Amino acid sequence: MSAEEMKKAVARSALEWVTEGTIIGVGTGTTANHFIDALAHSQLQIDGAVASSEATAERLKAHGIELWDLNAAGTLSVYIDGTDEVNARLQLIKGGGGALTREKIVAAASTRFVCIADAGKKVDVLGKYPLPIEVLPMARSYVAREIVKLGGDPELRDRCTTDNGNVILDVHNMQISDPVALETQFNQIAGVVCCGLFAHRPADVMLLGQADGSVLTEKRP
Ligand code: 5RP
């Protein structure tokens, strides 16, 4: 089974975590897109969704799913989103699609975070995937110098402006042995809008699509 087929299978299985009659949060990326399509074709009746990006909002709208502003929606029953890496504690690296800031906000505002991915995203130690950091444009060079002091190699993401009008530095060559501490360190750099480490607020449930078509469920220890 290809990674794409695993993503589709896991996206379908995430429907089980949706509570009818509630507003849910929806993430960004190819796996989240499969979830949106599966939701639209299911019989589930939800009150609507809060999108973590403009792209996701467009897709939800195209399917006729009602969009909510997070300020009006209040606490969401569940947030469903993909990831770039996940470790055994369900801590994540996210932001490959550039939507990390809104994703972190919607995850924080949700009672449960159900993460969906193909089996290839599971790692022992986070950091092989370059860690995205959303940065205010005027702070780009300063933040890059601070990242070098933390031992990373920052690279400005080419032709990328986020939904919030910012830039992204992808940080290479970090072996992230203490994700909570590193997320705190990045958060303290002036000019950093958001760090792609989801360690303070990891996923609660991880659904991992396997090569044989099955889906492995892991819950946060
Ligand atoms: C977007 C994200 C995505 O969830 C992450 O990049 C995974 O994407 P995909 O489902 O396409 O593999 O964090 O900012």
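A short tour of the structure in this document, coming up. (Residues numbered from 1 in each chain as written. Predicted model: local features only at pLDDT ≥ 70, side-chain atom pairs only at ≥ 80, totals over all residues. Heavy atoms only, no water.)

**So, a nonpolar patch on the surface**
As a reminder, the rule being used: By definition, no residue in a patch forms a salt bridge, and every one has over 30% relative accessible area; like charges are joined within 9 Å, nonpolar side chains (Val, Leu, Ile, Met, Phe, Trp, Tyr) within 5 Å. Only the protein chains shown count as cover for residues, with accessible areas throughout obtained via the Shrake-Rupley method and a probe of 1.4 Å. We count a salt bridge whenever a side-chain nitrogen from Lys or Arg sits within 4 Å of a carboxyl oxygen from Asp or Glu. Working definition: helices are DSSP H or I runs of at least four residues, strands are E runs of at least two. Numbering for both runs from the N terminus.
The grouping of Leu136, Met138 and Val193 at the surface amounts to a nonpolar patch, some 330 Å² of accessible area in total. Within the secondary structure layout, Val193 lies in strand 10 (residues 192-195).

**Focus: the site of the ligand**
We apply this condition: Proximity criterion: a residue is near a molecule or strand once any of its heavy atoms comes within 4 Å of it. Here a polar contact is recorded for every N or O atom pair within 3.5 Å, except that within protein the pair must consist of a potential hydrogen donor and a potential acceptor, and residues adjacent in sequence are included only if both atoms are side-chain atoms. Using a 1 Å grid laid over the protein atoms alone, points where a 1.4 Å probe fits but cannot get out form a cavity; open sets with protein on both sides within 12 Å along at least 5 of 7 lines form a pocket; any residue with an atom within 4 Å of a point counts as lining. Molecule-in-pocket calls rest on the fraction of atoms, with more than half required to lie within 2 Å of the cavity or pocket grid points. Following the grouping adopted for this structure description, the nonpolar residues are Ala, Val, Leu, Ile, Met, Phe, Trp, Tyr, Cys and Pro, the charged ones are Asp, Glu, Lys and Arg, and the polar ones are all others, Gly among them.
Not every one of the 17 residues close to the ligand is listed here, only the nearest: Thr30, Thr31, Asp84, Gly95 and Lys121. At 2.7 Å, a side-chain N or O of Asp84 approaches an oxygen atom of the ligand. Separating an oxygen atom of the ligand from a backbone N or O atom of Gly95 is a distance of 2.8 Å. Burial of the ligand by the protein amounts to 92% of the accessible area it has alone, namely 370 Å². With respect to the detected pockets, the ligand is housed in the second largest pocket. Looking at the shell around the ligand residue by residue, the classes come out as 1 nonpolar, 10 polar and 6 charged.

**Observations concerning the pattern of salt bridges**
Definition in use: Only protein chains enter the area calculation, which uses a 1.4 Å probe; residues under 20% of their type maximum are buried, those over 50% are exposed, and those in between are partly exposed.
By the definition in use, this model includes 13 salt bridges. Note that Lys94 is salt-bridged to Glu103, the shortest N-O span being 3.1 Å. Between Asp170 and Arg157 there is a salt bridge; the shortest N-O distance is 2.9 Å. Placement of Asp170 in strand 9 (residues 167-172) and of Arg157 in the loop between strand 8 (153-156) and strand 9 is noted, with a sequence separation of 13 residues between them. You'll find Asp170 and Arg157 in the same group, each marked buried. In this structure, a network of salt bridges that share partners links the residues Asp81, Lys94 and Glu103.

**Focus: the pairing of strand 12 (residues 205-209)**
The side chains of a regular strand alternate, residue by residue, between the two faces of the sheet. To keep things clear, this is the line we draw: DSSP bridges decide pairing: two strands pair if at least two such bridges lie between them.
Extensive coverage of strand 12 is indicated by the burial of 5 of its 5 residues. Burial of strand 12 is two-sided: the residues Val205, Leu207 and Gly209 facing one way and the residues Met206 and Leu208 facing the other way are all buried. Sheet topology note: the strand 6 (residues 110-118)/strand 12 ladder contains 5 bridges and is parallel. Across the sheet, residue Ile116 finds its bridge partner in strand 12, namely Leu207. In this structure, strand 12 lies alongside strand 13 (residues 215-219), joined through 5 bridges in antiparallel fashion. What sits directly across from Gly209, in strand 13, is Val215. In sequence, strand 12 turns back onto strand 13 through a hairpin of 5 residues, with Gly213 there showing a positive phi of about 95°.

**As for the packing of aromatic side chains**
What counts here: Here is the rule: rings of Phe, Tyr and Trp (six-membered ring for Trp) pair when centre to centre is within 6.5 Å. Planes less than 30 degrees apart are stacked, more than 60 are edge-to-face, and the remainder are tilted. Charges are assigned to positions over rings by a cutoff of 6 Å between ring centre and Lys NZ or Arg CZ, combined with an angular limit of 35 degrees from the ring normal.
Within the structure shown, the criterion is met by 1 aromatic pair. Taken together, a centroid distance of 5.1 Å and an interplanar angle of 55° make the contact between Tyr79 and Phe113 tilted. With Tyr79 in strand 3 (residues 76-81) and Phe113 in strand 6, this pair connects stretches of sequence that are 34 residues apart. Judged on exposure class, the residue Tyr79 and its partner Phe113 are both buried. The ring of Phe198 carries the charged tip of Lys94 above its face, separated from the ring centre by 5.8 Å.

**Some details on the nonpolar core**
Where a protein is soluble and globular, its nonpolar side chains tend to be buried together. The test is simple: For our purposes a nonpolar core is just a set of buried Ala, Val, Leu, Ile, Met, Phe, Trp, Tyr and Cys residues, chained together by side-chain atoms within 4.5 Å. Here, two residues are considered to be in contact whenever any of their heavy atoms come within 4.5 Å of each other.
The biggest cluster of nonpolar side chains holds 24 residues, and the ones touching the most others in it are Ile24, Phe35, Ile80, Val114, Ile116 and Leu207. Residue assignment for this core shows that the elements contributing at least two residues are helix 1 (3-13), strand 1 (23-26), helix 2 (30-41), strand 2 (48-51), helix 3 (54-62), strand 3, strand 6 and strand 12. If you tally residues by element for this core, the top one is helix 2, at 4 residues. With sequence-adjacent residues up to four places away left out, Ile80 is seen in contact with Ala14, Val18, Gly25, Val26, Gly27, Phe35, Val114 and Ile116. Ile93, Leu131, Ile133 and Val135 belong to the second-largest nonpolar core, a separate cluster that totals 21 residues.

**Some points on the sheet that holds strand 9**
Where we set the bar: Throughout, an axis means a line fitted to C-alpha atoms (over the contacting stretch in the case of helices), and angles, computed between N-to-C directions, take values from 0 to 180 degrees.
Pairing within the open sheet is antiparallel, and its 4 strands lie in the order 8-9-7-10. Each having just a single partner strand, strand 8 and strand 10 make up the two edges of the open sheet. If you compare each strand with its neighbour and ignore which way they point, the axes differ by 30° on average. Where strand 7 (residues 131-135) lies against strand 9, 5 bridges are found, and the strand directions are antiparallel. If you follow Ile133 over to strand 9, its bridge partner there is Leu169.

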